[in-house]
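# Overview (structure and organization)
So the chains spell out like this:
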Amino acid sequence: GDAAAWCEQSDAPGGVRPLGSPSATVGESPVYDAESNCLYWVDVRGTPAIHRIDIDSGDERSWPMDEDIGSIALASRGRLIAGLRSGFAFFDPVSGTLSPIVDPEADHPANRLNDGKCDDAGRFWCGSMNPDSGRAEGSLYVLDGNLDCRRVLADFLTPNGLAWSPDGRTMYAADTRRGYIHAFDFDVAAGTLSQRRVFADLGALAGGPDGAAVDCEGHLWSAIWDGGCLIRFDPRGREVRAIRGRDISMIFQEPMSS
């Protein structure tokens, strides 16, 4: 239902609108909780925090973090799971407390966890990176339902843009500073990847592929960091649409209907 609504409204100016007040230095990882009709997102660095807006009432809430936070996802019992500089942790919005799970890179204190999402089986996939290094020191990890953590891939500069095709058989992962979006064959039952290939090479563009999402038609949307645009790719990796930052700004400046 939500995906269909996105497809129907994506070309209509009224289908894009700002939510809440500007409150993030580096806004990332939007997560919608259908049960509470709330949207969560994070501010990664500078002013790290978890933010929430109640879509019905417009009420906003923020929880400042003592360290960098890369991503969040919904977890059981009303909690969130978070990827932080110190590793994986549960976050309880009621108490505002973090409960550490595991730090997969305790021996790499300069690294932090970055973009992360859950697959259809509830596993949390998350990449690590060293934001202050030009070396490929990052890895891709998966945390399963038993809270067992394993490293799946290494050699990332800036892992980002995790997403899955509607049938769950293809997984996408970007390396922002390299300018690549990769695709993999994905086995949802086993939680394994195979047949790594370049889905899109954006190395010639300004910026690089950052956050991503797949729409109901199986097209991948990529937000281009430092490039000021959103790009839509068909399932074969061909660019079919680009929305420039100035176009989004114009939409935000239009009067909103009540």
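For the structure itself, consult the block above.
The structure reproduced in this document is the subject of the present report.

Rules used throughout
- Residues numbered from 1 in each chain as written.
- Predicted model: local features only at pLDDT ≥ 70, side-chain atom pairs only at ≥ 80, totals over all residues.
- Heavy atoms only, no water.
- Helix = DSSP H or I, 4+ residues; strand = E, 2+ residues; numbered from the N terminus.
- Buried < 20%, exposed > 50% of the residue type's maximum accessible area, 1.4 Å probe, protein only.
- Polar contact = N/O pair within 3.5 Å; in protein donor to acceptor, adjacent residues only side chain to side chain.
- Contact = heavy atoms within 4.5 Å.
- Pairing = 2+ DSSP bridges.
- Axes fitted to C-alpha atoms, helices over the stretch in contact; angles between N-to-C directions.

## Side note on the side chain of His219
- Note that His219 resides in the loop between β17 (208-214) and β18 (220-225).
- When its relative accessible area of 12% is taken as the criterion, His219 is described as buried.
- A polar side-chain atom of His219 sits 3.2 Å from the main-chain carbonyl oxygen of Glu217.
- Contact partners of His219, with chain neighbours within four places excluded, come to Ala213, Val214, Arg232, Phe233, Asp234, Pro235 and Val240.

## A look at the sheet that holds strand β4 (residues 60-64)
- Strand order in the open sheet made by the four strands is β1-β2-β3-β4, with antiparallel pairing throughout. Only two strands of the sheet have a single partner each, and these edge strands are β1 (27-33) and β4. With strand direction ignored, the average angle separating the axes of adjacent strands in the sheet is 20°.
- Where strand β2 (residues 38-43) meets strand β3 (residues 49-54), six bridges bridge the pair, whose relative direction is antiparallel. Looking across to β3, one finds that Asp43 is bridged to Ala49.

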